[in-house]
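Structural description and commentary
Residue-level listing of the chains:
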Amino acid sequence: MRHVLWATQSTRDETSLGQEALDHFRDLGLDAEIVYGEQHLRDQGRGADYRGQFAWPAGPAVRIVSHSHLPLIFGGGSGPQAALASADLLVIDEDPLGALLIDSLTPDVPKFTADALLTQSDPTAQALGQLLRAAESGEQEGYREFAKDVRKIVSGYGLYGEAFWQHLLAIPHDPKSFEQALRSITPRHGRIVELLARTFDDDLAAAKTGTISNRFGLHGVQSGKTLNFQFRYNLRWPLEFPIPTVILDAYARQEQYEALFREHKVRLHRFSLGTPLEIEEAPMLELDVMDEGRERRLETRRHIAGELLALHKENPERGQLLITPQRLKHEGAQWQGILKTVYDRAGVQLGLDATSGHWFAGRGKNEYRGRDMIALTAPRLPKMHREYTLSALLPYDEAGRNQLHQYLEATEYLQLLHRGRQQADGIVHKHGTPRVIAADADVLRLPALKPYVNIRPYKTILPFKPHSNTPRWRAATEAIAREVLDELGGVPREVLAAVGFVKSKNAKETLENARDTLEVLAPMWSPTSAMYRAFRERDTWEYGDVGPAGDNNADAEKEVMAGLGLTAFKIKVRGGSLVYARTQEDADQAYDLFAMKKAIVRGDVDITLPEPDATPAPTSHS
């Protein structure tokens, strides 16, 4: 074997899988080069180098191409790329599905509009043109809506399935005439038109027997008040591989590859994937894309950012990759602003200590090896992937499309969670085994994935209460209350008021005295304690911006205290002060102890220390 053709998903960027493969092959001392597209070389001023890339040298060599080059090399065309088909072996790294299908909604693919089709005399072209006109005028019924994402914003309209074919069954269809009509509209795309016409003939014939295909239909988008529709098609390139071909896909399904390479015999070789991925499920960390750019649930998102920061502090050397949809990842996103504010306050740098990534990017790369992988949403393939894209593989099998869609969505999720290389054989992680935390792990519970994952609950560092609108207030109040409880044996409510977390009816001078007392006492706590930071480092404390709870937080206050095992007790003095404690006796003692400390700070009490040989005073909570 002298010449190996290696195909990867991407080749352009410095961090692409193609570049990674190039480095590996060159480390082995091999003649290895990446084959770039013509436009890419032109953009770099190297257009003259394009054709020279396709000649194999006399000696051993590896040529690395992107998946999108495969139809050009093995699709039966006469372009210079076909020379690479004389390799001794083709290796396709990762699932090449997206590159081997033709989608009429993507750029550089022939478009057929009502205007274009109605210029043709062919009956089928005329019928399609009239159907498009009716759809654009709003007269056509039966189309379905496609939402852009979880925001449910309609991004397109599709007429397909039986609702589409019923309009064509009575048309006197002439295959040759229809193909010629399409060629007249787009003469530069002869190979696609030939495949389109042949496949359309097959599906029309099937529709007449009651077998309905999803490969063809109409698709429209709204532009202002105008609906623009086009004839939509999804096809599979019938590629011929004259050389041995190996595909590396950890979660390959026999059915998918048999449908993709229908002209070839497909053999699936199963190998052990080693230790299953350990995933911690953390639904409390899930971000709602609907919240982006809005004021609602700001405190919840800040609290999630605080939990992520606390996670980072547990192992700061390991680093984090925080995965979200791309909409939440860009620099101007509201979520990025929240994250940056919380991390900056703690001296943690986004992009260095913690990196934001998005779904469907970086699959298979080693760039994030050893980092904690934290998925704040689950990736979702769009509905059009199921209804349109997979129809090119399984045109007549709706149940099969649904199953494959679900499986591909889950395995894409799993592949991306492996970016931390948690269980990679032969890798020793310098800073401990990286964690994989997923806010939504439901899609990973497919029975077919059971050998590959172990899912267990995530244990939070900060307190979380489901559906709470004040999670940071709860966390800050609990932190202060816990420390005051340890010091006094109870929690006088005026302490919480003095810190600024609750409103109080105490006299102004009473609160000022409490605040002054805590200011003096703060250094007695650890510099990392909540009390110390509340009074000595308020500006940099993660809860420094937390304000007093409103009237609607009365229940929340009681819930936080109940979580510490405390109940509200009234002290039988003027004003009936409130102290949270386990018993009335503890409440009275905590009140007295704090009152004494306040008196000392005011200078109202003289302290006399016992003589060295005197009997020690009884130990109190102080």
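Refer to the preceding data block for the structure.
Residues numbered from 1 in each chain as written. Predicted model: local features only at pLDDT ≥ 70, side-chain atom pairs only at ≥ 80, totals over all residues. Heavy atoms only, no water.

Points about the overall build of the chain
Across its full length, the chain carries 19 helices and 19 strands. Counting over 622 residues, the chain shows a buried share of 49%. For the chain, the share of sequence-separated contacts (at least 6 apart) that also reach a separation of at least 24 residues comes to 70%. Carbon and sulfur atoms make up 49% of the accessible area of the chain, which totals about 30700 Å². (Helix = DSSP H or I, 4+ residues; strand = E, 2+ residues; numbered from the N terminus. Buried < 20%, exposed > 50% of the residue type's maximum accessible area, 1.4 Å probe, protein only. Contact = heavy atoms within 4.5 Å. Areas by Shrake-Rupley, 256 points an atom, 1.4 Å probe, with all protein chains shown as cover.)

Things to note about the side chain of Glu307
Structurally, Glu307 can be placed in helix H10 (residues 298-314). For the buried Glu307, which has no salt bridge, the nearest side chain bearing the opposite charge is Arg435, at an N-O separation of 7.2 Å. Once residues within four sequence positions are removed from consideration, Glu307 is found in contact with Leu285, Tyr458, Thr460, Ile461, Leu462 and Phe464. (Lys, Arg positive; Asp, Glu negative; His and termini not counted. Salt bridge = Lys/Arg side-chain N within 4 Å of Asp/Glu carboxyl O.)

Description of the packing of helix H7 (residues 175-185) against helix H8 (residues 190-207)
Where H7 meets H8, the closest approach of the two axes is 9 Å, and the angle between their N-to-C directions is 145°. At the point where H7 passes H8, the crossing takes the right-handed sense. Contacts between H7 and H8 involve Pro175, Phe178, Glu179, Leu182 and Arg183 on the former and, on the latter, Gly190, Val193, Glu194, Leu196, Ala197, Phe200 and Asp201. Taken together, the residues of the contact of H7 with H8 sort by class into seven nonpolar, one polar and four charged. (Axes fitted to C-alpha atoms, helices over the stretch in contact; angles between N-to-C directions. Left-handed = near helix turned anticlockwise from the far one by under 90°. Nonpolar A, V, L, I, M, F, W, Y, C, P; charged D, E, K, R; others polar.)

Observations concerning the pairing of strand S8 (residues 216-223)
Bridge count for S8 against strand S9 (residues 226-236) is eight bridges, and the pairing is antiparallel. For Phe216, the partnering residue across the bridge sits in S9 and is Tyr233. Between S8 and S9, which pair antiparallel one after the other, the connecting turn spans two residues, and Gly224 there sits at a positive phi close to 65°. (Pairing = 2+ DSSP bridges.)

As for the packing of aromatic side chains
The full count for this structure, using the stated rule, is 19 aromatic pairs. Aromatic side chains Trp6 and Phe25 sit 5.2 Å apart centroid to centroid with 80° between the ring planes, which places their arrangement in the edge-to-face category. Here Trp6, found in strand S1 (residues 3-8), pairs with Phe25, found in helix H1 (residues 17-27); they are 19 residues apart in sequence, far enough to count as distant. There is no split in this pair, since Trp6 and Phe25 are both buried. On the numbers, 5.3 Å between centres and 40° between planes, the contact of Trp165 with Phe200 is tilted. Linking Trp165 in helix H6 (residues 162-165) with Phe200 in helix H8, this pair joins segments that are 35 residues apart in sequence. Phe200 matches Trp165 in its accessibility class, with the two residues each being buried. (Phe/Tyr/Trp six-rings, centres within 6.5 Å; stacked < 30°, edge-to-face > 60°.)

Some remarks on the sheet that holds strand S18 (residues 567-570)
By definition, the strands of a sheet pair up through backbone hydrogen bonds, in either a parallel or an antiparallel sense. Spatially, three strands are ordered S17-S19-S18 in an open sheet, and the strand pairing comes out antiparallel. The open sheet is flanked by strand S17 (491-492) and S18, the only strands paired with a single partner. Judged from the two bridges that link them, S17 and strand S19 (residues 578-581) form a sheet pairing that is antiparallel. Bridged to Pro492 within S19 is Val579. Most of the contacts of helix H19 (residues 584-602) go to S19, to which it runs at about 125°, and overall it touches S17, S18 and S19.

With respect to the nonpolar core
Ranked by size, the top nonpolar core spans 82 residues in total, and within it Phe74 and Phe164 carry the most contacts. In terms of residue count, H8 provides more of this core than any other element does, seven residues in total. Of all hydrophobic cores here, the second largest spans 46 residues; its members include Leu462, Tyr543, Phe569 and Val579. (Core = buried A, V, L, I, M, F, W, Y, C linked by side-chain atoms within 4.5 Å.)

Examining unusual backbone geometry
Within the chain, Glu94 stands out as a residue other than glycine whose phi angle is a positive 80°. As for its position among the elements, Glu94 is in the loop between strand S4 (89-93) and strand S5 (101-103). Exposure remark for Glu94: the relative accessible area of 9% places this residue in the buried category. Of note in the backbone geometry, Asp108 takes a positive phi value of approximately 60° without being a glycine.

Details of the environment of His69
Looking at the element boundaries, His69 is found in the loop between strand S3 (61-66) and helix H3 (70-74). In sequence terms His69 and Leu100 are 31 residues apart; their C-alpha atoms lie 9.3 Å from each other.

Details of the pattern of salt bridges
This model, assessed by the stated rule, comprises 33 salt bridges. Across the pair Arg472 and Glu299 runs a salt bridge, and its minimum N-O distance is 3.3 Å. Remark: Glu299 occurs in helix H10 and Arg472 occurs in helix H14 (residues 471-488); sequence separation between them is 173 residues. Among the ionic pairs, Arg386 bridges to Glu387, the shortest N-O distance being 2.9 Å. The exposure class of Glu387 is buried, given its relative accessible area of 8%. Salt bridges sharing partners connect three or more residues here, namely Glu278, Glu280, Glu314, Arg435 and Arg456.

Re H1
Quick reminder: α-helices carry 3.6 residues per turn. Residues three or four places apart thus point the same way. Taken together, the buried positions of H1 are occupied by Leu17, Gly18, Gln19, Ala21, Leu22 and Phe25. Residues of H1 that are buried sit in contact with S1, strand S2 (32-34) and S3.

Section: the sheet that holds S1
A sheet is described by the order of its strands in space; here five strands give the open sequence S2-S3-S1-S4-S10, paired in parallel fashion. Sheet topology places S2 and strand S10 (245-248) at the edges, where each strand pairs with a single neighbour. Between one strand and the next, the sheet's axes are offset by a mean angle of 20°, whatever the strand orientation. Packed on one face of the sheet, H1 meets S1, S2 and S3 and runs near 165° to S2.

Remarks on the environment of Gly158
Tracing the backbone through its elements, the reader meets Gly158 in strand S7 (residues 154-160). For Gly158, a relative accessible area of 0% corresponds to the buried category. Separated by 230 residues in sequence, Gly158 and Tyr388 place their C-alpha atoms 9.4 Å apart.

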